[in-house]
Amino acid sequence: MIGQPFINPVLSHAIEMYLKYKDQKDNSNFEEFTVVVIRTLVYIYGELDILNPYITHNEHMMGGFDNNITKYGFPIDSLIDFKNQFLQFEEEKRQQKRPNSAFIKIQKYLIDMYCFKQKNMNLSMDDLISFKKYLYIPENLEKTEAINAYATNPNEINGYLQSKLFEVNHNFTLQPVRRDFLVQDAYLLLGYNLEQINNLNDFDLKAVNDQIYRFFRVDSSLSNSKELLEKAVNYYKRYGNKITTGNGYVDFLLFASIAATALFVVALIALNYF
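Note that the structure is a prediction, hence the values are computed from the model and not measured. (Residues numbered from 1 in each chain as written. Predicted model: local features only at pLDDT ≥ 70, side-chain atom pairs only at ≥ 80, totals over all residues. Heavy atoms only, no water.)

(A) Spotlight on the overall build of the protein chain. Looking only at helices and strands, one finds 14 helices and 0 strands in the protein chain. When the elements of the protein chain are put in sequence order from the N terminus, they spell out α-α-α-α-α-α-α-α-α-α-α-α-α-α. The 274 residues of the protein chain split such that 36% are buried. Long-range pairs, those at least 24 residues apart, make up 54% of the contacts in the protein chain with a sequence separation of at least 6. Total accessible area computed for the protein chain in this model is approximately 16300 Å², and 54% of it derives from carbon and sulfur atoms. (Helix = DSSP H or I, 4+ residues; strand = E, 2+ residues; numbered from the N terminus. Buried < 20%, exposed > 50% of the residue type's maximum accessible area, 1.4 Å probe, protein only. Contact = heavy atoms within 4.5 Å. Areas by Shrake-Rupley, 256 points an atom, 1.4 Å probe, with all protein chains shown as cover.)

(B) Inspection of helix α3 (residues 47-56) at higher detail. Every buried residue belonging to α3 is among Asp49, Ile50, Leu51, Pro53 and Tyr54, and all of these are buried. Elements that come into contact with the buried residues of α3 comprise α1 (9-21), α2 (33-45) and α4 (65-69).

(C) Examining the side chain of Thr34 more closely. Positionally, Thr34 belongs in helix α2. When its relative accessible area of 9% is taken as the criterion, Thr34 is described as buried.

(D) Structural detail: the pattern of salt bridges. Under the counting rule described, the total for this entry stands at 17 salt bridges. Here Lys105 ties to Asp81 by a salt bridge, and the two come within 3.0 Å at their closest N and O atoms. Taken together, the positions of Lys105 in helix α6 (residues 101-121) and Asp81 in helix α5 (residues 76-94) put the pair 24 residues apart, joining distant regions of the chain. Assessed through its relative accessible area of 35%, Lys105 is described here as partly exposed. Glu139 serves as the salt-bridge partner of Lys132, at 3.5 Å between the closest nitrogen and oxygen. Look at the salt bridges and you will find they share partners, linking Glu59, Asp66 and Lys83 into a network. (Salt bridge = Lys/Arg side-chain N within 4 Å of Asp/Glu carboxyl O.)

(E) Focus on the packing of α2 against helix α7 (residues 125-132). The N-to-C vectors of α2 and α7 enclose an angle of 165°; their axes lie 10 Å apart at closest approach. In terms of orientation, α2 lies roughly antiparallel with respect to α7. Considering only the axes of α2 and α7, their crossing is right-handed. The residues of α7 that touch α2, namely those facing Thr40, Tyr43 and Ile44, are Asp127, Ser130 and Phe131. For the contact of α2 with α7, the residue count by class is 3 nonpolar, 2 polar and 1 charged. (Axes fitted to C-alpha atoms, helices over the stretch in contact; angles between N-to-C directions. Parallel < 35°, antiparallel > 145°, perpendicular 65-115°, else oblique. Left-handed = near helix turned anticlockwise from the far one by under 90°. Nonpolar A, V, L, I, M, F, W, Y, C, P; charged D, E, K, R; others polar.)

(F) Fine view of α7. If you check which residues of α7 are buried, you get Leu128, Phe131 and Lys132. Burial along α7 is one-sided: seen end-on, the buried residues are contained in an arc of 95°. As for α7, its buried residues are in contact with α2, α6 and α9 (156-169). (Arc of directions from axis to C-beta.)

(G) Just the nonpolar core, in detail. Counting residues in each nonpolar core, the largest one holds 53 residues, and the members touching the most others are Leu41, Tyr45, Ile69, Phe82 and Met113. Considering each element in turn, this core owes the most residues, 10 residues, to α6. Ignoring sequence-local partners within four residues, the contact set of Phe82 consists of Val37, Leu41, Ile106, Tyr109, Leu110 and Met113. In this structure, Ala186, Ile197, Leu205 and Ile212 belong to the second largest nonpolar core, which totals 14 residues. (Core = buried A, V, L, I, M, F, W, Y, C linked by side-chain atoms within 4.5 Å.)

(H) Expanded view of the layout of surface pockets. Taken as a whole, the largest pocket holds about 210 Å³ of empty space. At 3 residues, helix α8 (residues 144-150) tops the list of elements feeding residues into the lining of the largest pocket. Here the lining of the largest pocket is composed, by residue class, of 4 nonpolar, 1 polar and 5 charged. (1 Å grid on protein atoms, 1.4 Å probe; cavity = no way out; pocket = protein on both sides within 12 Å on 5 of 7 lines; lining within 4 Å. Points joined across faces, edges and corners; volume = space filled by probe spheres on them.)

Here is the structure:
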C-alpha cells in the first residue's frame, strides 16, 4: 500500500504479501513467518476483519484493527505488544538471534486469540486441527526449517497450546499467589527483620505466620484473625506480655476491661484528691 505503513512497516508489508500471494499458495513468500501470522489472523477473525482496517487505514476506531482483534476478549495491552513484536522479530532476525523471542511470543499471542474465540464460540475439534496447521510445531514438518532457525526448544509452542487448551476446557485461569504478610510489628517482636521476611518462600512464610499466631494465642482460622492479631501486638507493645485466654475475641475484651479498670482507678484517685 502506497503511503504511510499500516500500524508499522513490518506488519503492513506482511499484509501486502498476503494480498499479493494469497492466490499463489505455492509461492515461498506465502510461507514467510510474518505472512503466516497474517494468514492465522485471517483464519481466526475472518479476512474482512483484517483487510478492511488495512484498506481504510483504521487502526483504533470502531470497526478498526484493534476493535476486531479484541472482540473475543483478547486484552488491549497484549494487542499493543503483539503489534510491536513484528518490529522485534525483524530486528532479532537481522541480528540472527536464536531463539528469536518475538517468533515465540507472536505465536503465543495467536494461541491466546484462538482460545478467547474458543471460549466465546465453542469451536469444534476440526477448527483446532485447522488452527494448528498455522503453528510452528514439530508435527508441521514443512515448518521444521523455520523452527530450527528461530527457536531452541521445538516443543515450546505446542506445550503452550496444550496448557491454554487445558485452561479453556476446565474453565479456570491461573492467578498469581498472594503472599500473606501479617502486621510488621509482629515479625519484629519475634526477632525477625523485614528483609528476612520478604526473602522467605511461601512455605516458610506460612510457618513463621503460624508461629506468630501461636505466640499471641490468636486463632488464625477466624475471619478477623489479622485484626485480632494487630490488637494483641499493640497490647504486647504497651504492656510487655501477652495475657490471653486462648480466644482472640475474648482476649480483646480482656485487654479492654483491664484498660477500663485502670482508667476507673485513676478517676477514683482524682476524685478523692479533690
